[in-house]
Amino acid sequence: MVLLAPQAVAAQNLSSALEITRPARSWEAVNAVGQKSAWLGRESGDFEAWVYPLKILRHLHLVFHAEDHVLDAGSLARTVIARPESTTIVYASDTFQVRETLLAPYDKPGALILLDIHSAAPMEVEVRFERDFQLQWPAVLADPEVDWTPRLNAFFFACEKPDYAAIFGSPSAALTGQEYSTNHSAERESGFRLGVTGPGDAHKVLALAASVHGAKEAEISYKELLANADHYAAEAAAHYQTYLDRTVSLELPDAQLQQAYDWARVSLAQSMVANPLLPEGMVAGYRFSADDRRPGYAWFFGRDSLWTALAWNAMGDFRSTRTALDFLDRFQRADGKIPHEIPQSATLIRPLAETEFAYAEADGTPLYLIALDDYLARSGDVGYIRKKRPQIEKALEFLRSTLAENHLAKNQGVGTGWVEGGPLYPMKMEIYQAALGVEALDAMSRLALALGEREQSAALRTEADTDARQLDSAFWIASRRRYAFALDLNGQQVDSPSVMAAVPIWFNLLPEAHQQAMLDELARPEHQADWGMRIISKKDARYDPGSYHNGSVWPLFTGWAAVGEYRNHAAEPALANLRANAWLALDGAGGNTTEVLSGDSYTPLSTASPHQIWSAAMVVSPLLRGLLGLETDAAGRKIVFAPHLPADWQAAGVHGIPLPGARVDLDIRRDAGSLQLTMNNSGSEVVHLEFAPAYPPCAHVDSATLEGQPVTWKTDSEYLDWHPRFEIAVPRGASTLSIRHHGLFGYALPYSPPQLAGRSMHLKIVSERWTDDGRQLVLTVSGRPSRDYRLELINGDLLASVEGATREGPSGLIVHIPASPTDEYVDHQISFALRH
């Protein structure tokens, strides 16, 4: 591909905008990944290399020879620079600096290391590593070996099967040592030097290529990598720029949320792997495997793909959803069950249907139907759904086979839902699994309608409604006003309140009052840490902060809670959860969001995958489906835009919302007296927009005009706010809706990121209650709120009393609630009296 100058400039701008630079953390994971290869390692400069499905080498590190000293690079790692297309580690000594840039070209069967060296005195870089040359688990290659090839200035990797080959070297490489083993001694490392540099600057290129089709193909790829190294870096940057351009983009006044959203989209783009032994599909995450052959979760997962599909659909990446679904179809079991995990060497072992691990989970099958329904709604691609009819019918048949006597989807005898072990296991059914079963039947009713099965659709709709009532009856604990985590093997409620209940709340399957009560429970500090949602309460006797299943914090759970909270108008706890996931994207492994953290301190678990794809998806979904309330109906050419903007935001933009034949941009600007929505429709046909911004109960909308003409609205009164709902036919081009309002009021909590290894210390909004007349708000907060409230006035005529302190001012105001950090949470109430 020839990179045009404008593309190169745009790609360079993207890298600059998203670049994350910070001091190196020797323990932190880092990677550079493409569709066919990956560098996985630590910021200390210790890496392993993969060209799928092969792990080529491990413990690759640099050694510097300078002034009669031999210096391990890990002790000199000072700075890490993450960009979408590459990661750079900067090593610095008294007299030299080396910048090591790791690059995995987007679609090439190989990887590159670019070294930029500046030295005031002669020095030389040595590269050392240990051979692996093995397939990803569970398949195995026999007799792997490595040997120096002077003709290529490189190491050649081989095994008993001549089809498997790899090459690693550099044009200036000179052999310094090679692995061996005898009866008397052994050496595991191999290495080469790159030639003396300095005084002055030098640029060195290291290339690694591999093939499952023989040494000749590997050599061709190796030479292409060396010849085009700098071009591949620019090409990878352009690839991510193109991806961001063709998916929904945002303009947010919060720089952290903006950068986190863009990095999350990049992370989702990096989930696609093209293995020559398998079709393209989504892997769940990346982590160095060290002396093992399991690189985090860099193989194909069912439920990970399907929760991620909801983010792809929301941001308009329908191709990735189709790719992931098509991959899972290939491994759908004869009885209709969707697979849980497929290793990259799956075609080299016995049939997956004969294994236990491949189909261990129960949630993939209902999620498959849910993701297909969501794809249909957002894309309007009925033809794709029709092609999937056999797979859909088999999945429904399997789902029905898992229903218990109460007609809810069970885990017992089917597979784990979420918890796979520990004191919460086993159970008959989790609320998570039961809820997915109900939502899958509802999704199936819409899929059946798309397939022309009207009677079946109506019957499924009735069935889903009945089962939703049964879900509430089975899990609601009236005396505690919360939901049970599960039903045990005897069918008794397990009274362990859990964020698992956020899943049925995401899909609005439960009575509104019960959902609100459960959300109040989940907003408490024993559930919500500063870095996200614990799986169970800290007060639960079974809580263990380091346990994978009964105490840790998962960004996935945090995303579930945020979407459920926004959809139930609990915007402040939702924003806290969204910010938690956004910060993880920026503070972790170079723009990547970790899999799981301790429940007690801001620390990833020692077993966590540092680049987990569905964790990144839980930045995208809470922003688009949650905060912005963005839904699309492609068949009806309809967009719903119901944002809950934070009180201190005056603007937000959503660009590139996809509909058949069109893309739509929506931009909000607001102040104390007005709100303006600018709409831009690129298509030739009218787009139907429902615009329903959130207002506090004390606020009033006075009038509205569309392109200068008066328009009316409907009023949606909710539990914690209200929404004027405007129905607008948006023509081609730009048009503007203008709203006049008064009486705006809001509150804001100052945000500061959690400190590494720190405890949860931030103030938590536990509940919010308004009087029916909208004149009084009572907040229940937990923590240590300061009484030094800061009132930020906007224009108008609102009289506000906060804890007895009265302040008159213009028609809108924001109360900023400061707090002192504490890990001793105590509930307090803050009252606001408002009158016009």
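Check the entry above for the structure.
Residues numbered from 1 in each chain as written. Predicted model: local features only at pLDDT ≥ 70, side-chain atom pairs only at ≥ 80, totals over all residues. Heavy atoms only, no water.

Caption draft 1: Summary view of helix α2 (residues 215-227). Taking 1.5 Å of rise per residue, 13 residues should cover 18 Å, and α2 covers 18 Å from first to last C-alpha, within 8% of that figure. Within α2, the full set of buried residues consists of Ala218, Glu219, Ser221, Tyr222 and Leu225. Down the axis of α2, the smallest arc covering the buried residues is 165 degrees, so these residues share one side. In this structure, α2 carries Lys216 and Ala227 as exposed residues pointing more than 90 degrees from its buried face. (Helix = DSSP H or I, 4+ residues; strand = E, 2+ residues; numbered from the N terminus. Expected span 1.5 Å × (residues − 1). Buried < 20%, exposed > 50% of the residue type's maximum accessible area, 1.4 Å probe, protein only. Arc of directions from axis to C-beta.)

Caption draft 2: Representation of the sheet that holds strand β19 (residues 200-211) within the structure. If you trace the nine strands from one edge of the open sheet to the other, you get β1-β7-β8-β9-β10-β19-β14-β13-β12, paired in antiparallel fashion. Two strands lie at the open edges of the sheet, namely β1 (20-23) and β12 (145-149), each paired on one side alone. Recorded for the sheet is a direction-independent mean angle of 15 degrees between the axes of neighbouring strands. The pairing of strand β13 (residues 154-158) with strand β14 (residues 165-169) spans four bridges and is antiparallel. Residue pairing in the sheet places Ala154 in a bridge with Gly169 of β14. (Pairing = 2+ DSSP bridges. Axes fitted to C-alpha atoms, helices over the stretch in contact; angles between N-to-C directions.)

Caption draft 3: Spatial organisation of the packing of helix α10 (residues 431-450) against helix α11 (residues 454-475). Interaxial distance between α10 and α11 falls to 7 Å at its minimum, and their mutual angle equals 165 degrees. In this view, α10 runs roughly antiparallel relative to α11, as classed from their interaxial angle. Classified by chirality, the crossing of α11 by α10 is left-handed. Between α10 and α11, the contacting residues are Ile431, Ala434, Ala435, Val438, Leu441, Asp442, Met444, Ser445, Arg446, Ala448 and Leu449 on the first element and Arg454, Gln456, Ser457, Leu460, Arg461, Glu463, Ala464, Asp467, Ala468, Leu471 and Phe475 on the second. Grouping the amino acids of the contact of α10 with α11 by side-chain chemistry returns 13 nonpolar, three polar and six charged. (Parallel < 35°, antiparallel > 145°, perpendicular 65-115°, else oblique. Left-handed = near helix turned anticlockwise from the far one by under 90°. Contact = heavy atoms within 4.5 Å. Nonpolar A, V, L, I, M, F, W, Y, C, P; charged D, E, K, R; others polar.)

Caption draft 4: How the structure looks around the nonpolar core. Ranked by internal contacts, the top residues of the largest apolar core, which has 185 residues, are Trp307, Phe475 and Trp560. No other element matches α10, which puts 13 residues into this core. Residue contacts for Phe475: discarding those within four places in its chain leaves Leu408, Met429, Glu430, Ile431, Ala434, Arg482, Tyr483, Ala484, Phe485, Ala486, Leu487 and Gln493. (Core = buried A, V, L, I, M, F, W, Y, C linked by side-chain atoms within 4.5 Å.)

Caption draft 5: Spotlight on the sheet that holds strand β30 (residues 493-494). Across the sheet, three strands lie side by side as β26-β29-β30; this open sheet has antiparallel pairing. Of all the strands in the sheet, just β26 (429-430) and β30 have a single pairing partner and so form its edges. As defined by bridge partners, strand β29 (residues 486-487) adjoins β30 across two bridges and the pair is classed as antiparallel. By the bridge assignment for β30, Ala486 is matched with Val494.

Caption draft 6: Main features of the pairing of strand β42 (residues 714-717). As judged from the four bridges shared by β42 and strand β43 (residues 722-730), these two strands associate in the antiparallel manner. When the bridges of β43 are listed, Thr715 appears paired with Pro724. Taken together, β42 and the strand that follows it, β43, pair antiparallel across an intervening segment of four residues.

Caption draft 7: Region of the structure containing helix α3 (residues 229-246). Taking 1.5 Å of rise per residue, the 18 residues of α3 would be expected to cover 26 Å, and the 26 Å separating its terminal C-alpha atoms lies within 8% of that figure. Here α3 has its buried residues at Ala229, Tyr232, Glu235, Ala236, Ala237, Ala238, His239, Tyr240, Gln241, Tyr243 and Leu244.

Caption draft 8: Summary view of the packing of aromatic side chains. In total, this model carries 39 aromatic pairs according to the counting rule given. Plain terms: the ring middles of Trp713 and Phe726 are 5.7 Å apart, the flat faces sit at 45 degrees to each other, and that makes the pair tilted. Linking Trp713 in the loop between β41 (709-710) and β42 with Phe726 in strand β43, this pair joins segments that are 13 residues apart in sequence. Residue Phe726 is classed as buried on the basis of its relative accessible area of 1%. Every member of this aromatic cluster is reached through a ring pair, and the members are Trp307, Trp418, Tyr432, Trp506, Phe507, Tyr548, Trp554, Phe557, Trp560 and Trp614. Positioned over the ring face of Trp137 is Arg294, at 4.0 Å from the centre of the ring. The ring of Tyr751 carries the charged tip of Arg579 above its face, separated from the ring centre by 5.4 Å. (Phe/Tyr/Trp six-rings, centres within 6.5 Å; stacked < 30°, edge-to-face > 60°. Lys NZ or Arg CZ within 6 Å of the ring centre and 35° of its normal.)

Caption draft 9: The arrangement of the pattern of salt bridges in detail. Considering all chains together, one arrives at 54 salt bridges under this definition. The partner of Asp132 in a salt bridge is Lys55, and the shortest N-O contact between them spans 3.3 Å. Of this pair, Asp132 sits in strand β11 (residues 123-135) while Lys55 sits in strand β5 (residues 54-66), and the two are 77 residues apart along the sequence. Lys55 shares its class with Asp132; the two are buried. With a closest N to O distance of 3.2 Å, Glu126 and Arg128 form a salt bridge. Using a relative accessible area of 6% as the deciding quantity, one classes Glu126 as buried. One salt-bridge network, in which partners are shared between bridges, spans Glu48, Lys55, Arg58, Glu130, Asp132, Arg188 and Asp291. (Salt bridge = Lys/Arg side-chain N within 4 Å of Asp/Glu carboxyl O.)

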